[in-house]
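Chains, contacts and geometry: an overview
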Amino acid sequence: MMGRAKLTIIPPGKPLTGRAMPPGSKSITNRALLLAGLAKGTSRLTGALKSDDTRYMAEALRAMGVTIDEPDDTTFIVTGSGKLQPAAEPLFLGNAGTATRFLTAAAALVDGKVVVDGDAHMRKRPIGPLVDALRSLGIDATAETGCPPVTVNGTGRFEASRVRIDGGLSSQYVSALLMMAAGGDRPVDVELLGEHIGALGYIDLTVAAMRAFGAKVERTSPVTWRVEPTGYHAADFLIEPDASAATYLWAAEVLTGGKIDLGTPATEFSQPDARAYELISQFPHLPAVIDGSQMQDAIPTLAVLAAFNETPVRFVGIANLRVKECDRVRALSSGLSRIVPGLGTEEGDDLIVASDPSLAGKVLPAEIDSFADHRIAMSFALAGLKIGGITILDPDCVAKTFPSYWRVLASLGVAYDD
Ligand SMILES: O=C(O)C1=C[C@@H](OP(=O)(O)O)[C@@H](O)[C@H](O)C1
Ligand SMILES: C=C(OP(=O)(O)O)C(=O)O
């Protein structure tokens, strides 16, 4: 189905109040789907996200012989044989980073060939460090351009018991190797190279999910995890709501002076982006410098919020936002500057938002290019809660992780012009 070309947000002119639950966590759903697919037996995943990213993961697992039933909107029943089968066709994973990276490593456990591919955006997102790490374990993996497509001819066996990985561009490489390692033929040490890694909290999520499906994994040094070759067992697994999705609702609350009940207190999320709550609740006195390295997916939300802050905000530690669904540093600076020239600027990889509380209540017609990036669409909608004339192009790209986003805002009293 073709999405709508654009959507103009009509500022509600009143505080947003009511109950609005974010959907299940994308990160946890895609970990749980994979681990349940690798396990022998039937797992029941509840509270799950059903969106483009999780559909791509589920379809790919089905193509590799896993049975997945969907009795309702938030449940997956996953039955695996303990071994993924070679896929007859390339696995098409859209622009789902988690599915692409996790399945590239998991393909090494398959006896036979798997090709992992995605859309035009994914074909520009680097995967070379993960492919090199697989090769260092003796796995036949190639990605000619350093981005998908990746071809893996697996055997389920490794030739080494230590793998080093630079997670600077993406922590998903590390998560992918950890989850794969439990399905191998020997204990494996996964060691981080380089000082920078995207949110370490995602590694914690990975380790927690692995343990829930029976893996034995220990952090043996600040940069090393040892994974035993236990394989996985089936489990019933409850998925918490998505913390990155929650950031839009927390921001909508403070921007409009409302009260939105998300059903889960901010302190109960285990995902890294929940840390953004502490910052959001300081609005309109956000700090002058925000280090985004440990809450990357919350940066678009915080950057748009910063436009209405009392004082300017510089976002640092966000270089890898340039290799997400789009170059988010550029999408944010250019989108903000479409509203008011100079509102968002870049210095190297930093983003500087020149705040202006008097923006609230103005009419400043601006068409915001989403660059097919759900977080750009969702975050700029927040500007539309306070400024008249904000139009989001390609609004249905929110289907990547939060298909009900526009309906949820509407349920809180937001209206639109399409
Ligand atoms: O492991 C995960 O679930 C994720 C890790 C982060 O990506 P990178 O590790 O690529 O920075 C994050 O941006 C992404 O939305 C989800
Ligand atoms: C970066 C993101 O997704 P992924 O890397 O999983 O495609 C995101 O959801 O913001």
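Residues numbered from 1 in each chain as written. Chains lettered and ligands numbered in written order. Predicted model: local features only at pLDDT ≥ 70, side-chain atom pairs only at ≥ 80, totals over all residues. Heavy atoms only, no water.

**Describing the sheet that holds strand β20 (residues 363-368)**
Within the open sheet, the 4 strands sit side by side as β20-β21-β1-β22. Their pairing is mixed. Across the chains shown, the open sheet's two edge strands, defined by having one partner strand only, are β20 and β22 (415-417). The mean inter-strand angle of the sheet, taken between neighbouring strand axes irrespective of direction, is 25°. As paired strands, strand β1 (residues 6-10) and β22 are joined by 3 bridges and run antiparallel to one another. In the sheet register, T8 faces β22, and the bridge partner there is D417. Running at roughly 150° to β20, helix α10 (residues 328-339) makes contact with β20 and β21 (388-393) of the sheet. Across the sheet, helix α11 (residues 374-384) touches β1, β20 and β21, and the angle it forms with β21 is around 170°. (Pairing = 2+ DSSP bridges. Helix = DSSP H or I, 4+ residues; strand = E, 2+ residues; numbered from the N terminus. Axes fitted to C-alpha atoms, helices over the stretch in contact; angles between N-to-C directions. Contact = heavy atoms within 4.5 Å.)

**Some remarks on the nonpolar core**
The biggest cluster of nonpolar side chains holds 78 residues, and the ones touching the most others in it are L45, L61, M180, M210 and Y232. Examining the composition of this core, we find that 8 residues originate from one element, helix α5 (residues 172-181), more than from any other. Residues within four places of L45 in sequence aside, it is in contact with A32, L33, A36, T74, T75, F76, V78, F213, F237 and I239. With 71 residues, the next largest nonpolar core counts A251, A274, V313 and L336 among its residues. (Core = buried A, V, L, I, M, F, W, Y, C linked by side-chain atoms within 4.5 Å. Buried < 20%, exposed > 50% of the residue type's maximum accessible area, 1.4 Å probe, protein only.)

Keep in mind these numbers describe shape, not what the thing actually does.
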